[in-house]
Amino acid sequence: METLINEFHLNDEMEQKYLIMKKIREMTSKSKIKNICDILVDNNFVETLNRYLIKDDDNIVFESTWILTNILSTSNENTCNVVNQNTVNTFLSILQTTDNFDIFNQIVWAIGNILGNSIEHRNLLLEKNYVFILTNLLSEKIDDDRYFDEIMSWSLANCYSFYNQEIVQYKYIEPLFNSELINKFYSLKNNETISNIEYLLHKTIENENRAIENLQEKGTLHIIVSRLNNMHISTYLIKIIGNICAGELADILVEHHNIVFHLKQFIEQFSIMNHLNTQQQFLLKEMLWIISNLSVDFQQKVIDADFRHVIAKFLTLRKYNYEAKIEAMWILIQLSAETYYIFEHNDMLHAIVLFLQNLLPKNRIFYPFLIFLNQSIRNEPFLIEDFKTTN
């Protein structure tokens, strides 16, 4: 590597410099990347790469960017070395001026590495309005599918690196709440890309009510709900729906987007499947949790949707996990809080008895239901006869 570095500095012909740069890039893309990148950093080659980022030759700019991307993927020390040489400003400038897709995409990848390195580097890019710059550029390139790939969505999702340590200020992320851009990412039907975007949306609305309002105001909420018509959905989509249903806009989802119906369709699909994998079990549990929450304020809507048969199946069949059964039970409790919903349907009573019988050998008792049952029988003693006849 030192030989190639020396050759690069000694050679005055741009074509030869490009070929040497390409060889260096190929070496940094191999398995022992860290050792090679350490040599580049130790020989101050990052400074050289920065100088060639602003050349008029797209080929050498692309190679320089790719090498920097590889260096940024190795260690905190190497990333700090790159960032401390004003590379971020150069990257952002090139993003806004280049017409070369390969250079644009490589810079987005490099910035994604910086975002994921540390809180300080993530905040640096957010404060330099990276999301604002990128979303404006994407709006200009809305008709070019190449700009809406996995790398683009991954780089944006990395704005939430270290989220558990420090919440991202909404003002830095708000430009992404653009229905045209979200719809574009969805339209390409790349599951990894969509998962990245939904992760970003989920993390944003988790702690920011204004983000949920923006989903409605900018037409993005309709796009998100329509995703429930696709069986290949991410866990983040369901978490987004759950966040909204637990907040002030729940009535919009229920009354204007018919969320109960959408969830019922999905839940019914799960009920006829012979086997549910781990992700499907999780999705089912989350959907039942959402219906349980909606059963408090939108009881009649849930009753009208008639989940009775699928809930009976969830409670009685072993293929559904304990967490899903518990959420199904919570739905019944909520629906019976002001009605005799459970006691009006014998299939419900049978399902509950089987559910409780299966819990007892495992020393599991669903105490909320027992408390509810006790209160119901005290208030209406005749219900005990209905319950006893099912056992």
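Right, let's walk through the structure included here. (Residues numbered from 1 in each chain as written. Predicted model: local features only at pLDDT ≥ 70, side-chain atom pairs only at ≥ 80, totals over all residues. Heavy atoms only, no water.)

1. Here we look at the overall build of the protein chain
- Counting its secondary structure elements, the protein chain contains 26 helices and 0 strands.
- Counting over 391 residues, the protein chain shows a buried share of 53%.
- Summarising the internal contacts of the protein chain: among those between residues at least 6 apart in sequence, 73% fall at separations of at least 24. (Helix = DSSP H or I, 4+ residues; strand = E, 2+ residues; numbered from the N terminus. Buried < 20%, exposed > 50% of the residue type's maximum accessible area, 1.4 Å probe, protein only. Contact = heavy atoms within 4.5 Å.)

2. A few points about the packing of aromatic side chains
- Enumeration according to the criterion identifies 10 aromatic pairs in this entry.
- Their ring planes at 65 degrees and their centres at 5.4 Å tell us that Phe62 and Trp66 sit as a pair that is edge-to-face. With Phe62 and Trp66 both in helix α5 (residues 58-72) and 4 residues apart, this pair spans about one turn of that helix.
- Here the aromatic rings of Tyr199 and Tyr236 are separated by 5.1 Å at their centres, their planes lie at 70 degrees, and the arrangement is edge-to-face. In this pair, Tyr199 is assigned in helix α14 (residues 191-206) and Tyr236 in helix α17 (residues 235-245), connecting sequence segments 37 residues apart.
- Taken together, Phe8, Phe45 and Tyr52 form an aromatic cluster joined through their ring pairs.
- Against the face of Phe8 rests Lys17, its NZ or CZ located 4.2 Å from the ring centre.
- Note that Lys141 overlies the ring of Phe104, its terminal NZ or CZ placed 5.6 Å from the centroid. (Phe/Tyr/Trp six-rings, centres within 6.5 Å; stacked < 30°, edge-to-face > 60°. Lys NZ or Arg CZ within 6 Å of the ring centre and 35° of its normal.)

3. Observations concerning the packing of helix α7 (residues 87-95) against helix α8 (residues 101-115)
- In the contact formed by α7 and α8, the axes pass within 10 Å of each other and the chain directions differ by 145 degrees. Seen along the crossing, α7 lies across α8 with a hand that is left-handed. Contacts from Val88, Phe91, Leu92, Ile94 and Leu95 in α7 reach Ile103, Phe104, Ile107, Val108, Ala110, Ile111 and Ile114 in α8.
- Looking at the contact of α7 with α8 residue by residue, the classes come out as 12 nonpolar, no polar and no charged. (Axes fitted to C-alpha atoms, helices over the stretch in contact; angles between N-to-C directions. Left-handed = near helix turned anticlockwise from the far one by under 90°. Nonpolar A, V, L, I, M, F, W, Y, C, P; charged D, E, K, R; others polar.)

4. A word on helix α6 (residues 76-83)
- Every buried residue of α6 is accounted for by Asn78, Thr79, Val82 and Val83. Buried positions in α6, seen along its axis, are confined to an arc of 135 degrees and lie on one side of it.
- Among the structural elements, α3 (33-42), α4 (45-53), α5, α7, α8 and α9 (119-127) are those in contact with the buried residues of α6. (Arc of directions from axis to C-beta.)

5. Details of the nonpolar core
- In this structure, Ile259 and Leu294 are the most contacted members of the largest nonpolar core, which totals 126 residues.
- No other element matches α8, which puts 9 residues into this core.
- In contact with Leu294, not counting residues within four places along its chain, are Cys245, Ala250, Val254, Ile259, Val260, Gln299 and Val302. (Core = buried A, V, L, I, M, F, W, Y, C linked by side-chain atoms within 4.5 Å.)

6. Comments concerning the environment of Leu276
- As for its position among the elements, Leu276 is in the loop between α19 (259-271) and α20 (278-297).
- A residue is classified by how much of its surface remains accessible, and Leu276, at 5% relative accessible area, is buried.
- Note: C-alpha distance between Leu276 and Tyr320 (44 residues apart in sequence) is 7.8 Å.
- Sequence-distant contacts of Leu276, defined by excluding residues within four places in its chain, comprise Phe270, Gln281, Leu284 and Tyr320.

7. A look at helix α10 (residues 130-140)
- Within α10, burial applies to Tyr130, Val131, Ile133, Leu134, Thr135, Leu137 and Leu138.
- Packed against the buried residues of α10 are α7, α8, α9, α11 (150-157), α12 (170-173) and α13 (179-187).

These figures capture arrangement, not role.
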